[in-house]
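# Residue-level structure breakdown
The chain contents come next:
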Amino acid sequence: MAGRRISAGYYQRHDGKVVYVVSLATDADTGEESVIWTTYPFATVPRYYTSSKKSFCAFIEVNGERKAKYKRMLNMKISGEAIERLEEEGFRGPVRKRKNWQLDEAYDSRDYQQSLTYYAYAKDLCEHYNFDRSKYRLCVKEKRFAAITKSDFAKLKEDLQFLDNVLKTVLATYQGYFQERFVDGLSIRKYAEAHQLNRGSVDYQQKKFFSALASLLKERDEAEGTCRLLKPAQK
């Protein structure tokens, strides 16, 4: 399978971990191809890794079942901000061919309430807001669970309602920032330019917003006597 075509984009590893493939690199002496990838969600300080193309494209046995080590995730869209950062690091962004997807395929499912910390939970809600809102509206319009389970739809609905509510109340001061960054899709650089700020100031504002939202998510869990974070696997 070393001849398999590998393109920039998201891939899911056999254990569920998601990575982002940046590009391929060829060894000038041996001609061997390597896959350059980074972890997802993208870290504040990016770290890049390489795997031989042969290893990346290999099949392995998991619980007696033959599986691809990495499987392409065709319907997961990379944000403009992520593309911008890749370009700043000297990498090319993804090039996608337009396809006519069915509704269920266009809104393929993702994991909900699977963050390890409340800060990561807050970041996840914001970065996927447009995707989640579109999926929610699709399910309501179609009156069915489109590419989502009933339990995940319940999580999606409560998270959207919670986020919309706090942005109208205790986090109202961040409403404009949220609209421009996560609804309109402005990158940090473009938001900074629009408001005549430096990127450091916008980064600081974003961290304050995520921290404030994380505190509210934690307060919600404590008030309800539950925990919506991903529970570490028991050894």
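Please read these numbers as outputs of a predicted model, since none were measured by experiment.

So, how was this worked out
Residues numbered from 1 in each chain as written. Predicted model: local features only at pLDDT ≥ 70, side-chain atom pairs only at ≥ 80, totals over all residues. Heavy atoms only, no water. Helix = DSSP H or I, 4+ residues; strand = E, 2+ residues; numbered from the N terminus. Buried < 20%, exposed > 50% of the residue type's maximum accessible area, 1.4 Å probe, protein only. Contact = heavy atoms within 4.5 Å. Areas by Shrake-Rupley, 256 points an atom, 1.4 Å probe, with all protein chains shown as cover. pLDDT = per-residue confidence, 0-100. Phe/Tyr/Trp six-rings, centres within 6.5 Å; stacked < 30°, edge-to-face > 60°. Lys NZ or Arg CZ within 6 Å of the ring centre and 35° of its normal. Pairing = 2+ DSSP bridges.

## Considerations on the overall build of the protein chain
- Scanning the protein chain from N- to C-terminus turns up nine helices and seven strands.
- Burial analysis of the protein chain (235 residues in total) assigns 35% to the buried set.
- Taking the intrachain contacts of the protein chain between residues at least 6 apart in sequence as the baseline, contacts between residues at least 24 apart amount to 58%.
- Accessible area of the protein chain: about 14600 Å², with a carbon and sulfur share of 49%.

## A few points about the confidence of the model for the protein chain
- Per-residue pLDDT for the protein chain has a mean of 84; in total, 89% of the residues score no lower than 70.
- Mean pLDDT across the elements of the protein chain ranges from a minimum in helix H3 (residues 103-106), with 41, to a maximum in helix H9 (residues 199-224), with 96.
- Low pLDDT (under 50) marks residues 95-107, which in the prediction has 20 contacts with non-local residues, meaning those over four places away or in another chain.

## Focus: the packing of aromatic side chains
- Enumeration according to the criterion identifies 17 aromatic pairs in this entry.
- Between Tyr174 and Phe209, the aromatic rings sit 5.2 Å apart at their centres with planes inclined by 40°, giving tilted as the arrangement. Taken together, the residues Tyr174 in the loop between helix H6 (150-168) and helix H7 (175-183) and Phe209 in helix H9 connect sequence positions 35 residues apart.
- Look at Phe209 and you get buried, because its relative accessible area is 0%.
- A network of ring pairs unites the aromatic residues Tyr119, Tyr129, Tyr174, Tyr177, Phe178, Phe182, Tyr191, Phe209 and Phe210 as a single cluster.
- When the ring centre of Phe162 is taken as reference, the NZ or CZ atom of Arg220 above it lies at 4.5 Å.

## Some thoughts on the pairing of strand E1 (residues 9-13)
- Relative to strand E2 (residues 18-26), E1 runs antiparallel, the two being bridged by four bridges. Along E2, the bridge assignment pairs Gln12 with Val18.
- Linking two consecutive strands that pair antiparallel, namely E1 and E2, is a turn of four residues; a positive phi of about 100° is found at Gly16 within it.
- Taken together, the three bridges between E1 and strand E7 (residues 70-72) define a ladder with antiparallel strand orientation. Pairing of Tyr11 across the sheet is with Arg72, part of E7.

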